[in-house]
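# What the coordinates show
Below, each chain spelled out in residue letters.
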Amino acid sequence: LFGYKIKNNKGDIITDWANYLHPDDRENVITELVNDIKSTAVHWECAYRVSRADGSIARVYVRASIIRHADGKAYRIIGAMQDLSRQKELEEKLEEEIKLKEKQIAEATADAKEAERSDIGKELHDNINQLLGASRMYIEMAKRGGKNCRMYLSRSSEYTITAIDEIRKLTKGLTT
């Protein structure tokens, strides 16, 4: 292949092996191997895809030693192929699960923020608004004068102070 062949008594080993390479990987893998064979390299490592007998695609990792004559010419390649398909599937599944969890965390964070805003709104409406409304009512009653004027102003002041304290608690909870 590409003008370089290593043969055994059955024929061209590189061509036989190359028939199993995935079409999208074939040219790059063969070029890399042939270049290493033509060079002085004594090791070759490569990850690529191959077609299985059942037609499925496997992802493999190959490590090989290139055996050379004293003159440097390659005459044998000995190596091992490791099927990485299951590992790659698990890595892809893990990656998908990580993305899903990140999305769930983002949604939970958004939901928590919305719930917090809702709680703050309820607290302002149900508690602090009531205190300020009662304070205002006592001020209006005190404006009319009469013997209870001081008591109305005192109660108004108490409700206003309580409202201020509630606002402080609410804002302190937001900043911590």
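This text follows the structure it describes.
First, a word on scope: everything that follows refers to the structure included in this document. Keep in mind it's a predicted model, so treat the numbers as computed, not measured.

What follows concerns the side chain of Ser85. Tracing the chain through its elements places Ser85 in helix 3 (residues 85-143). In terms of polar contacts, Ser85 uses its side chain to reach the side chain of Arg52, at 3.2 Å. In this view, Ser85 contacts Arg52, Ile57, Ala58 and Arg59; residues no more than four positions away in its chain are not counted.

So, about the pairing of strand 3 (residues 43-51). Taken residue by residue, a regular strand's side chains alternate between the two faces of the sheet. Here strand 3 shows a buried face lined by Trp44, Cys46, Tyr48 and Val50 and an unburied face lined by His43, Glu45, Ala47, Arg49 and Ser51. Judged from the 9 bridges that link them, strand 3 and strand 4 (residues 57-68) form a sheet pairing that is antiparallel. Bridging across to strand 4, Ser51 finds its partner in Ile57. Connecting the antiparallel pair strand 3 and strand 4 is a turn made up of 5 residues, with Gly55 showing a positive phi of about 95 degrees.

Moving on to the pattern of salt bridges. One pass over the full model with this rule turns up 9 salt bridges. Residue Arg168 pairs with Asp165 through a salt bridge whose shortest N-O separation is 3.5 Å. With Arg168 and Asp165 both in helix 4 (residues 149-175) and 3 residues apart, this pair spans about one turn of that helix. Here Arg168 falls in the exposed class, since its relative accessible area comes to 55%. The class for Asp165 is partly exposed, based on a relative accessible area of 33%.

Time to look at the pairing of strand 5 (residues 74-83). As defined by bridge partners, strand 4 adjoins strand 5 across 9 bridges and the pair is classed as antiparallel. The partner of Ile66 across the bridge, within strand 5, is Ile77. Linking strand 4 back to strand 5 in an antiparallel pair, the connection comprises 5 residues, with Gly72 at a positive phi of about 95 degrees.

This brings us to the sheet that holds strand 5. A sheet is described by the order of its strands in space; here 3 strands give the open sequence 3-4-5, paired in antiparallel fashion. The open sheet has two free edges, formed respectively by strand 3 and strand 5, since each of these has just one partner strand. Neighbouring strand axes in the sheet, compared pairwise and without regard to direction, differ in orientation by 30 degrees on average. Where helix 2 (residues 23-38) meets the sheet, its contacts fall on strand 3, strand 4 and strand 5, and the angle it forms with strand 3 comes to roughly 160 degrees.

This part is about a negative patch on the surface. Among the surface-exposed residues, Glu95, Glu96, Glu97 and Glu102 lie close enough to one another that they form a single negatively charged patch. On the secondary structure map, Glu96 appears in helix 3. A residue is classified by how much of its surface remains accessible, and Glu96, at 56% relative accessible area, is exposed.

In a regular helix each residue adds 1.5 Å, so 16 residues correspond to 22 Å; helix 2 covers 23 Å between its end C-alpha atoms and thus fits that length. Within helix 2 the residues assigned to the buried category are Asp25, Val29, Ile30, Leu33, Val34 and Ile37. Buried residues in helix 2, looked at end-on, bunch into an arc of 145 degrees, giving them a common side. In helix 2, those exposed residues whose orientation departs by more than 90 degrees from the buried face are Asp24, Glu27, Asn28 and Lys38.

It is worth spelling out the environment of His125 at this point. Tracing the backbone shows His125 in helix 3. Using a relative accessible area of 48% as the deciding quantity, one classes His125 as partly exposed. A C-alpha to C-alpha distance of 17 Å links His125 and Gly173, two positions 48 residues apart in sequence.

Here is what the cut-offs are and how they apply
Residues numbered from 1 in each chain as written. Predicted model: local features only at pLDDT ≥ 70, side-chain atom pairs only at ≥ 80, totals over all residues. Heavy atoms only, no water. Helix = DSSP H or I, 4+ residues; strand = E, 2+ residues; numbered from the N terminus. Polar contact = N/O pair within 3.5 Å; in protein donor to acceptor, adjacent residues only side chain to side chain. Contact = heavy atoms within 4.5 Å. Buried < 20%, exposed > 50% of the residue type's maximum accessible area, 1.4 Å probe, protein only. Pairing = 2+ DSSP bridges. Salt bridge = Lys/Arg side-chain N within 4 Å of Asp/Glu carboxyl O. Axes fitted to C-alpha atoms, helices over the stretch in contact; angles between N-to-C directions. Patch = residues over 30% accessible without salt bridge, like charges linked within 9 Å, V, L, I, M, F, W, Y side chains within 5 Å. Areas by Shrake-Rupley, 256 points an atom, 1.4 Å probe, with all protein chains shown as cover. Lys, Arg positive; Asp, Glu negative; His and termini not counted. Charge placed at Lys NZ, Arg CZ, Asp CG, Glu CD. Expected span 1.5 Å × (residues − 1). Arc of directions from axis to C-beta.

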